[in-house]
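# Structure assessment
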Amino acid sequence: MVLDRRQPYENPEAQHWVSDQKPTPEVLEFHTKSPLYHPTPLISLPKIAEEVGVREVFVKDESERCGLPSFKILGASWATHCAIAAYTKLPVTSEFQALANAAQAMEIVLVAATDGNHGRAVARIAALLNIKARILVPRGVDMTTIEMIRGEGADVIVTDIDYDATVLLAKTLSEEIEAGILIQDTAFKGYEEIPQWIVDGYSTMMVEIDTQLDGRSLDLVVLPVGVGSLAQAVVAHSKTSGRGTRVLSVEPDTAACLWRNLTDGFPAPAQTRNTVMAGMNCGKVSTNAWPSLKSGIDASVTISDIESHEAVEDLLTMGVKAGPCGAATLAALRFAASLGLESLNLNKDSTVVLLSTEGPREYIKPLDARISDPVALTQALVRIESTNPGLSKAGGVGERQIADYIAAWLEHRNIETYWLEKTQGRPSVVGIVRGSGGGKSIMFNGHLDTVTTIGYSGDPLSGNIKDGSLYGRGCFDMKAGLAAALVTLAQAKKAGLRGDVIFTGVADEENLSAGTEELLKQGWTADGAIVLEPTCLQIVTAHKGFVWLEVDIHGRAAHGSRYDLGVDAICKAGHFLVELDKYSQEVLRREPNPELGTGSVHASLIQGGEEPSSYPAKCTITIERRTVPGETSTSITEEIKKILDQLAAGVADFKYEIRVTFSRSPFHIEKNHAFVACVVKNIEKALGKTAKFHGEKIWADSALLTDKGIPSMLFGVDGEGAHAATESVTIESIEQVTQSLVNIVDDFCA
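Summary of the structure given here.

### A look at a nonpolar patch on the surface
Together, Leu36, Phe96 and Leu128 make up an exposed nonpolar region whose accessible area comes to about 250 Å². Mapped onto the secondary structure, Leu36 falls in the loop between α1 (25–33) and β2 (42–44). In this structure Leu36 comes out as partly exposed when scored by relative accessible area, which is 38%.

This is the structure we're talking about:
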């Protein structure tokens with residue numbers, strides 16, 4: 001749905017703005033002298049013209065430009081030519097070979113940062129000049145792209161930072177190299193001249209389009225935006241005096257730097273996330289480009305990865321081979337035409353040109369961020385493996401892929417999104433729909449991680465539906481809950497609420513709850529929270545906590561034959577285990593908590609000894625003590641220490657140490673709490689019956705939220721098989737939980 005996505009930016013004043021940038025005819029002359037040069041084709045797309053209701057649509061096909069699959073060599077070649085001429089103090093009119101000889105003699109090294117095509121173009125120019133190139137690549141760039149750059153003869157340095165930070169690193173490296181020249185397609189303070197030469201180089205493409213249109217007026221040009229240098233060239237050409245060409249820019253939902261800057265009215269860095277449109281994954285607009293883009297862009301849109309992918313496939317059926325960045329312009333035109341944007345003035349007489357800026361390349365088919373149905377969204381989430389790497393010997397893939405998808409889902413709807421990743425590879429995602437002010441805020445908390453897929457019966461990532469249930473690892477625990485919360489968040493954006501609605505998709509709940517801990521340490525809070533663990537449509541207002549302790553029983557190491565010297569720590573530990581069993585029985589006889597019963601204790605692990613022929617010096621026993629409200633790690637430690645002290649007084653050579661290794665509080669909220677009353681009322685409204693309560697023996701992140709003063713409770717879907725060989729969730733309960741959450745938000749946050 002159009003309303004369920006980020007809306008375009010429009011600038012009605014852009015149609016009246018005139019660029020003062022002068023034409024650079026020497027650039028075209030430079031390019032046409034190259035034996036590699038030939039104009040790229042302008043291909044008619046009559047099917048698309050009919051679809052969007054205009055006279056003509058053309059695509060400028062840059063899938064093969066001077067032997068490379070992108071337009072980038074236009075800018076890289078001219079900028080390198082000018083930069084070497086300036087460095088060697090030769091005239092800019094010098095022949096190629098003269099510049100090459102001078103560059104070789106001075107041992108010039110070209111340096112660039114890239115996420116693909118620009119770096120390859122710089123590497124190609126360096127190879128033609130027979131000089132060195134060092135190309136820096138940010139994290140996340142695929143190995144195929146990296147190897148293609150290496151294939152041009154460049155030294156490739158892969159960084160562990162994002163694109164914008166890699167650009168600054170490239171600048172530093174170029175300054176450290178004696179004859180280093182940074183050939184970068186984005187400008188920043190103190191680095192403006194070479195990026196402008198790159199922009200000038202791109203003008204050749206627009207001159208070609210004018211010639212190929214053969215006198216026909218161009219009404220709209222659609223272009224993809226990364227740092228904005230191509231956009232600067234297009235705007236400069238389209239907005240010269242006497243032209244009436246309008247400009248539509250497109251960016252990925254997850255890298256919408258220009259869109260944000262245009263919307264805000266000022267340039268600022270933007271956080272970006274992974275996208276198949278890798279060449280557009282930039283968080284800063286070139287400082288050279290910003291003034292003309294602010295004034296000359298008529299409209300700006302963002303698209304999802306799947307829309308770009310679909311455009312790739314559609315163009316291929318029309319004989320155009322494009323990559324995701326190139327095909328993005330078709331997706332943008334479709335979106336803009338569906339809205340009938342006044343700023344673009346499209347009609348049956350319009351001529352449109354799409355700039356397809358790259359040829360086909362390998363990429364993984366993206367998931368669909370447009371899904372708005374909670375059941376279909378649950379399927380999509382189940383099909384993303386997110387096994388916790390800290391749980392089993394087999395490890396797990398972690399939460400990055402599912403976090404990327406959720407972030408893309410949120411960005412597609414222009415929901416304020418935050419990425420938390422204190423531990424590398426273990427991200428959490430926060431989405432917030434801010435209210436108008438004066439209302440209560442609510443938090444929906446759910447974990448992204450699952451237990452292992454090993455031992456699952458059938459395909460753990462199928463998401464298949466059968467007999468009213470959806471199957472797959474994590475569907476019940478708890479991706480259906482995540483889906484319900486996300487859909488509710490999107491609904492809240494349209495509800496005109498006064499209070500904030502917050503989605504928190506957290507890492508590591510199945511192990512140490514590092515995600516919720518990080519969330520709370522960063523100060524996220526709310527007036528109420530629902531943890532969407534699968535409660536089978538019952539309301540949970542209490543659950544147990546736990547304390548993990550280690551007890552070291554000390555002996556004395558000696559040769560196995562020296563009973564007179566050795567003290568057997570394992571045998572001494574046996575005394576403690578006997579008393580621990582008695583303690584366990586005593587705990588079970590205590591006055592039960594009305595909702596949770598009693599606590600419990602068991603010995604989880606025992607480790608001791610080095611080899612059969614020696615007396616063991618130490619035996620370590622790991623204990624888990626499940627707790628109920630009123631019991632704390634301090635009180636539990638004292639109870640066990642009392643047992644140990646009695647043994648130390650009565651058993652010869654009994655020595656020990658005790659420590660708490662980890663603990664989590666039990667959770668409880670009164671059923672007559674105002675937040676609980678609101679939640680119960682709205683759940684009953686959705687279910688059409690009286691809600692049921694129960695206490696949980698397990699532990700959940702609700703305790704962490706409660707410890708920080710956030711009134712919390714648990715409520716979630718119906719199904720079975722959490723952590724089991726087969727896991728399922730009922731379709732009906734997904735819909736019921738979603739409706740319950742929508743009801744709660746509309747009431748609590750109104």
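### Structural notes on the nonpolar core
Grouped together as the largest cluster of nonpolar side chains are 86 residues, with contacts concentrated most on Leu110, Ile183 and Leu355. In terms of nonpolar packing, the next biggest core, distinct from the first, is built from 84 residues, Ala480, Ala484, Ala485 and Ile502 among them.

### What about the sheet that holds β2?
On the basis of which strands lie adjacent, the open sheet formed by seven strands has the order β1-β10-β9-β8-β11-β3-β2 and mixed pairing. Where the open sheet ends on each side, the last strands, each with one partner, are β1 (9–10) and β2. The pairing of strand β9 (residues 246–252) with strand β10 (residues 299–303) spans five bridges and is parallel. Paired with Leu248 across the bridge in β10 is Ala299. Sitting on the sheet, helix α9 (residues 229–238) touches β8 (220–224), β9 and β11 (351–356), and the angle it makes with β8 is about 170 degrees.

### Digging into the packing of helix α14 (residues 374–382) against helix α22 (residues 731–748)
Packing of α14 against α22 leaves a shortest axis separation of 9 Å and a crossing angle of 110 degrees. In terms of axis orientation, α14 runs roughly perpendicular to α22. Judged by the sense of rotation from one axis to the other, the crossing of α14 with α22 is right-handed. Together, Pro374, Val375 and Thr378 of α14 and Ile731, Ile734, Glu735 and Thr738 of α22 make up the contact between the two elements. Partitioning the contact of α14 with α22 into residue classes produces four nonpolar, two polar and one charged.

### Comments concerning unusual backbone geometry
At the junction of Asp477 and Met478, the peptide bond is cis and its omega measures out at 0 degrees in the coordinates. Summarising the element assignment, Met478 is placed in helix α16 (residues 475–492). You will see that Lys89, though not glycine, has its phi angle at about 60 degrees, which is positive. Position of Lys89 relative to the elements: it lies in the loop between α3 (72–88) and α4 (96–105). With a relative accessible area of 74%, Lys89 lands in the exposed category. A positive phi angle, near 70 degrees, is found at Asp508, a position not held by glycine. Locating Asp508 in the fold gives a position in the loop between β17 (501–506) and α17 (514–521). Assessed through its relative accessible area of 5%, Asp508 is described here as buried.

### A short note on the sheet that holds strand β22 (residues 600–608)
If you trace the four strands from one edge of the open sheet to the other, you get β22-β24-β20-β25, paired in antiparallel fashion. Bordering the open sheet on either side are β22 and β25 (655–664), each of which pairs with just one other strand. Here the strands of the sheet are splayed against their neighbours by 20 degrees on average, with no regard to which way each runs. Relative to strand β24 (residues 618–627), strand β20 (residues 545–554) runs antiparallel, the two being bridged by 10 bridges. Note that in β24 the partner of Asp552 across the bridge is Thr620. Against the sheet, helix α19 (residues 633–650) contacts β20, β24 and β25, and its axis sits at roughly 160 degrees relative to β25.

### Focus on the packing of aromatic side chains
Aromatic ring pairs are reported here in terms of the distance separating the ring centres and the angle at which the planes meet. Scanning all chains against the criterion turns up nine aromatic pairs. Taken together, Phe546, Trp548, Phe662 and Trp699 form an aromatic cluster joined through their ring pairs. Positioned over the ring face of Trp419 is Arg273, at 3.4 Å from the centre of the ring. One residue, Arg413, lies across the ring of Trp409, its end atom 3.7 Å from the ring centre.

### Digging into the pairing of strand β14 (residues 442–447)
The buried fraction of β14 amounts to six of the six residues, a majority that puts the element mostly inside the structure. In β14, alternate side chains face the same way, and those of Ile442, Phe444 and Gly446 on one face and Met443, Asn445 and His447 on the other are all buried. Sheet topology note: the β14/β17 ladder contains six bridges and is parallel. Following the sheet pairing, Ile442 is matched in β17 by Val501.

### Some points on the side chain of Thr378
Here Thr378 is to be found in helix α14. Beyond its immediate chain neighbours, meaning those up to four positions away, Thr378 contacts Leu470, Lys479, Ala480, Ala483 and Ile734.

### Examining the packing of helix α12 (residues 305–317) against helix α13 (residues 324–339)
Packing of α12 against α13 brings their axes to within 7 Å, and their N-to-C directions diverge by 100 degrees. Viewed along their axes, α12 and α13 adopt a mutual orientation that is roughly perpendicular. Contacts between α12 and α13 involve Glu307, Ser308, Ala311, Val312, Asp314 and Leu315 from the first element and Pro324, Ala327, Ala328, Leu330, Ala331 and Arg334 from the second.

What counts and what doesn't
Residues numbered from 1 in each chain as written. Predicted model: local features only at pLDDT ≥ 70, side-chain atom pairs only at ≥ 80, totals over all residues. Heavy atoms only, no water. Patch = residues over 30% accessible without salt bridge, like charges linked within 9 Å, V, L, I, M, F, W, Y side chains within 5 Å. Areas by Shrake-Rupley, 256 points an atom, 1.4 Å probe, with all protein chains shown as cover. Salt bridge = Lys/Arg side-chain N within 4 Å of Asp/Glu carboxyl O. Helix = DSSP H or I, 4+ residues; strand = E, 2+ residues; numbered from the N terminus. Buried < 20%, exposed > 50% of the residue type's maximum accessible area, 1.4 Å probe, protein only. Core = buried A, V, L, I, M, F, W, Y, C linked by side-chain atoms within 4.5 Å. Pairing = 2+ DSSP bridges. Contact = heavy atoms within 4.5 Å. Axes fitted to C-alpha atoms, helices over the stretch in contact; angles between N-to-C directions. Parallel < 35°, antiparallel > 145°, perpendicular 65-115°, else oblique. Left-handed = near helix turned anticlockwise from the far one by under 90°. Nonpolar A, V, L, I, M, F, W, Y, C, P; charged D, E, K, R; others polar. Phe/Tyr/Trp six-rings, centres within 6.5 Å; stacked < 30°, edge-to-face > 60°. Lys NZ or Arg CZ within 6 Å of the ring centre and 35° of its normal.

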